[in-house]
Amino acid sequence: MTEELALIEKIGNVALITMNRPQAKNAINAEFAAAVGAAFAQAEADPEVRVTVLTGAGTAFSAGADLKAVAAGEPLLPKEYHESGFGGFLRLGLLTKPVIAAVNGFALGGGTEIALACDLVVISEAATLGLPEVKRGLIAAGGGLLRLPQQIPTKLAMEVALTGLPIDPATALSWGLVNRVAPADKVVEVALELAAAIAENAPLAVQASKRVINRGLDLDSETRVELWKYNDTLAYGNLESEDAREGAMAFVQKRPPVWKGQ
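Report on the accompanying structure. Predicted, not measured: the structure shown is a model, and the values here were computed from it.

About the thresholds
- Residues numbered from 1 in each chain as written.
- Predicted model: local features only at pLDDT ≥ 70, side-chain atom pairs only at ≥ 80, totals over all residues.
- Heavy atoms only, no water.
- Helix = DSSP H or I, 4+ residues; strand = E, 2+ residues; numbered from the N terminus.
- Axes fitted to C-alpha atoms, helices over the stretch in contact; angles between N-to-C directions.
- Parallel < 35°, antiparallel > 145°, perpendicular 65-115°, else oblique.
- Left-handed = near helix turned anticlockwise from the far one by under 90°.
- Contact = heavy atoms within 4.5 Å.
- Nonpolar A, V, L, I, M, F, W, Y, C, P; charged D, E, K, R; others polar.
- Pairing = 2+ DSSP bridges.
- Buried < 20%, exposed > 50% of the residue type's maximum accessible area, 1.4 Å probe, protein only.
- Core = buried A, V, L, I, M, F, W, Y, C linked by side-chain atoms within 4.5 Å.

**Observations regarding the environment of Asp 232**
No. 1: Within the fold, Asp 232 resides in helix H10 (residues 221–239).
No. 2: C-alpha of Asp 232 to C-alpha of Gly 142: the two residues are 90 residues apart in sequence and 8.7 Å apart in space.

**Let's talk about the packing of helix H4 (residues 110–117) against helix H5 (residues 144–151)**
No. 1: Look at H4 against H5: their axes get within 10 Å of each other, and the N-to-C directions meet at 50 degrees. In terms of orientation, H4 lies oblique with respect to H5. Considering the relative orientation of H4 and H5, their crossing is left-handed. In this structure, H4 uses Glu 113, Leu 116 and Ala 117 to contact H5, whose residues at the interface are Gly 144, Arg 147, Leu 148 and Gln 151.
No. 2: Partitioned by chemical class, the residues of the contact of H4 with H5 number three nonpolar, two polar and two charged.

**Considerations on the pairing of strand E1 (residues 6–11)**
No. 1: Direction of pairing for E1 relative to strand E2 (residues 14–19): antiparallel, over a ladder of six bridges. Across the sheet, residue Leu 7 finds its bridge partner in E2, namely Thr 18.
No. 2: Connecting E1 to the antiparallel partner E2 that follows it, the hairpin turn spans two residues, and Gly 12 within it adopts a positive phi of roughly 65 degrees.

**Digging into helix H11 (residues 242–252)**
No. 1: Among the residues making up H11, those that are buried are Asp 243, Ala 244, Glu 246, Gly 247, Ala 248 and Ala 250.
No. 2: Downstream of H11 by one or two residues, Lys 254 has phi in the positive range, about 55 degrees.

**What to know about the nonpolar core**
Nonpolar side chains in soluble globular proteins tend to end up buried together.
No. 1: Counting 36 residues, the largest nonpolar core has Phe 61, Val 103, Leu 129, Leu 148 and Leu 177 as the members making the most contacts within it.
No. 2: Mapped by element, the contributors of at least two residues to this core are E2, helix H2 (30–45), strand E4 (99–103), H4, strand E6 (120–124) and helix H6 (154–163).
No. 3: In terms of residue count, the dominant contributor to this core is H2 (six residues).
No. 4: Not counting residues within four places of it along the chain, the set of residues in contact with Leu 129 comprises Val 103, Ala 107, Leu 108, Thr 112, Ile 123, Pro 166, Ile 167, Ala 172 and Val 178.
No. 5: By size, the runner-up hydrophobic cluster in this structure holds 16 residues, among which are Val 51, Val 122, Ala 199 and Val 206.

Shown next as structure tokens:
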């Protein structure tokens, strides 16, 4: 099942991982998360791989959490990838090798959180970013609320998180959320070119550079651990709320949600 839900291809010293659940816009449930998490583990363990590019099959990069699974009360995170965070791979800071997101299409919610977790991002002209979780009674629990204020000014991060409105590629580029904007049919190609430029360099130096930059962002690693614990506590508590179930059910039933604030 892993081969079906997450495809991995080696191109020189680059691993191309494709999230392969196009019929569900690559929405994340536990089985899908385990497959993609396993693909990342494979790339991380391969000494020939120096850079990983992540993209999605079909017209979407990832629609984020599978709201049908949420509505059914199903877990989104497999036990074996608990430490890797939501989706089994969103805490990409655990990986030593650079990861480039090739955002080929629709990428809201968890899809945006995947992009935020990657080291570099190439986005399609036709793609859309955003954190619409609040519109479904949820919060951006996959690190979006922690990473977004690190990557753009706080006021803009607040606007994105509290309105749930989408971000177009040009705005994402001007804010510094992405590295490149490419035509829809060239996104993976541009990402692979960027990956090849990195892969030409000394792998240990590249990995050390990534670690130093991330450590500088974290400043205090103990505080960062506590922040993730705080994030998870609020996220799981929120996920058990009536509003969270209502938001998911409203999405499935194609109707406006009725919030109760409980």
